[in-house]
Amino acid sequence: MASEKEDFGPGLGSVVLIGLLTLALGMALGGVSLVTQQVTVFTRVPDEDSLVPGKVIYVKGSRSGRTSWRGKEQALKSGQLSTLIFTEAELNQWSDSQLRLKNGEDGEESGGFMSTFDLDLSPVNFRIVDGKIQMATEVNMPGLAPGSTFLYQVVGRFVPHEGGVDFVVDSASLGQAPIGALPVAGDFFLAHIGKKFSQIPEVAWLQDALGDLDSAEITDGQLILQRRTEG
């Protein structure tokens, strides 16, 4: 009588695969949960004793005070000056005026499957702190989460190179999710958001102007742009 093989259930490969899928699903759900958690907004740096460890907060940069951003924007656009200094307030007043996305003017066609992943963005808020610059925008994803707004903020510094100046990210978050720790997600958001802002007609010249920079230094609460000298 022929012997029959006993069925001991799924093989090791199937168990490992199911385990990995379960882990990935759990991480994805955990990330979604963190993204949807609200971020507490402050207009000035709060007392550290009042903060919850591990929680993402948002301290807004100032936009009040007398500024002359229009003249400095023109000087940067035309290459009139070798050195330009921008205060935090000037950056925010410039952003509030120029970095506004308008329907149909971001260079992307509406409709189709990819419109599901489109973003609506508020003007960037700049904050200069500890030799770095914080940039934040409110993100709405009408195709995925209509009616919900998530705060995206990134902190980084400028690094010069032969082709101009690069912005290097030190940390980034979407809601309470620290996406800066995930290179793929962090790079995607930074690139996608940067692309949308760069397609605004009012700032189309900016990329070329930044390519002419020799350095971008953050010091004494100011952003100092140094243009490359000829010769």
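Each remark here, short or long, concerns the structure printed above.
Residues numbered from 1 in each chain as written. Predicted model: local features only at pLDDT ≥ 70, side-chain atom pairs only at ≥ 80, totals over all residues. Heavy atoms only, no water.

K.L.:
A description of the overall build of the chain should follow, citing residues and the corresponding values.
P.N.:
Within the chain, the regular secondary structure consists of five helices and ten strands. Across the 231 residues of the chain, 32% fall into the buried class. Long-range pairs, those at least 24 residues apart, make up 55% of the contacts in the chain between residues at least 6 apart in sequence. Summing over all exposed atoms, the chain offers an accessible surface of approximately 14,600 Å²; the carbon and sulfur share of this is 56%. (Helix = DSSP H or I, 4+ residues; strand = E, 2+ residues; numbered from the N terminus. Buried < 20%, exposed > 50% of the residue type's maximum accessible area, 1.4 Å probe, protein only. Contact = heavy atoms within 4.5 Å. Areas by Shrake-Rupley, 256 points an atom, 1.4 Å probe, with all protein chains shown as cover.)

K.L.:
Just give me the short version of the environment of valine 165, but keep the residues and values in it.
P.N.:
In this fold, valine 165 is placed in strand E8 (residues 164-174). Overall, the relative accessible area of 18% leaves valine 165 in the buried class. Distance in space between the C-alpha atoms of valine 165 and aspartate 214 is 7.1 Å, their sequence separation being 49 residues. Beyond its immediate chain neighbours, meaning those up to four positions away, valine 165 contacts Phe158, Val159, Pro160, Leu210, Leu213, Asp214, Ser215 and Ala216.

K.L.:
A description of the sheet that holds strand E10 (residues 222-227) should follow, citing residues and the corresponding values.
P.N.:
What the three strands build is an open sheet, ordered E3-E10-E9; its pairing is antiparallel. Each having just a single partner strand, strand E3 (83-87) and strand E9 (213-219) make up the two edges of the open sheet. Within this sheet the neighbouring strands show an average axis-to-axis angle of 15°, counted without direction. Across six bridges, E9 lies against E10 in antiparallel orientation. Across the sheet, the residue bridging to leucine 213 is arginine 227, located in E10. Along the sheet, helix H2 (residues 69-78) contacts E3 and E10; its crossing angle with E3, the most-contacted strand, is approximately 145°. In the packing of helix H3 (residues 88-98) onto the sheet, contacts are made with E3 and E10, and the angle to E3 comes to roughly 85°. (Pairing = 2+ DSSP bridges. Axes fitted to C-alpha atoms, helices over the stretch in contact; angles between N-to-C directions.)

K.L.:
Could you give an account of the packing of aromatic side chains, with specific residues and numbers?
P.N.:
Under the defined criterion, the tally for this structure stands at one aromatic pair. In this structure, lysine 72 is placed above the aromatic ring of phenylalanine 86, and the distance from its NZ or CZ to the ring centre is 5.8 Å. (Phe/Tyr/Trp six-rings, centres within 6.5 Å; stacked < 30°, edge-to-face > 60°. Lys NZ or Arg CZ within 6 Å of the ring centre and 35° of its normal.)

K.L.:
Go over the pattern of salt bridges with me, naming the residues and quoting the values.
P.N.:
Here the structure, examined in full by the defined rule, presents six salt bridges. The closest approach of N and O atoms between lysine 72 and glutamate 90, which form a salt bridge, is 3.0 Å. Remark: glutamate 90 occurs in helix H3 and lysine 72 occurs in helix H2; sequence separation between them is 18 residues. Comparing lysine 72 with glutamate 90 shows no difference in burial state: the two are buried. Here arginine 227 makes a salt bridge to aspartate 212, at a shortest N to O gap of 4.0 Å. Residue arginine 227 is found in strand E10, and its partner aspartate 212 is found in the loop between helix H5 (206-211) and E9; the two are separated by 15 residues along the sequence. Accessibility expressed as a relative area gives 35% for aspartate 212, which makes it partly exposed. Salt bridges sharing common partners tie together Arg63, Asp96 and Arg100. (Salt bridge = Lys/Arg side-chain N within 4 Å of Asp/Glu carboxyl O.)

K.L.:
Could you give an account of the nonpolar core, with specific residues and numbers?
P.N.:
With 39 residues, the main nonpolar core has Tyr152, Leu174 and Ile193 as its most contacted residues. Setting aside chain neighbours within four positions, we find tyrosine 152 in contact with Met135, Ala136, Thr137, Val139, Ala172, Ser173, Leu174, Ile179, Gly186, Phe189, Leu190 and Ile193. (Core = buried A, V, L, I, M, F, W, Y, C linked by side-chain atoms within 4.5 Å.)

K.L.:
Tell me what's going on with the side chain of asparagine 125, and back it up with residues and numbers.
P.N.:
When you line up the elements, asparagine 125 lands in strand E5 (residues 125-129). Here asparagine 125 falls in the buried class, since its relative accessible area comes to 11%. Within polar-contact distance, the side chain of asparagine 125 engages the backbone nitrogen of glycine 61 at 2.8 Å. In contact with asparagine 125, not counting residues within four places along its chain, are Tyr58, Lys60, Gly61, Asn92, Gln134, Met135 and Ala136. (Polar contact = N/O pair within 3.5 Å; in protein donor to acceptor, adjacent residues only side chain to side chain.)

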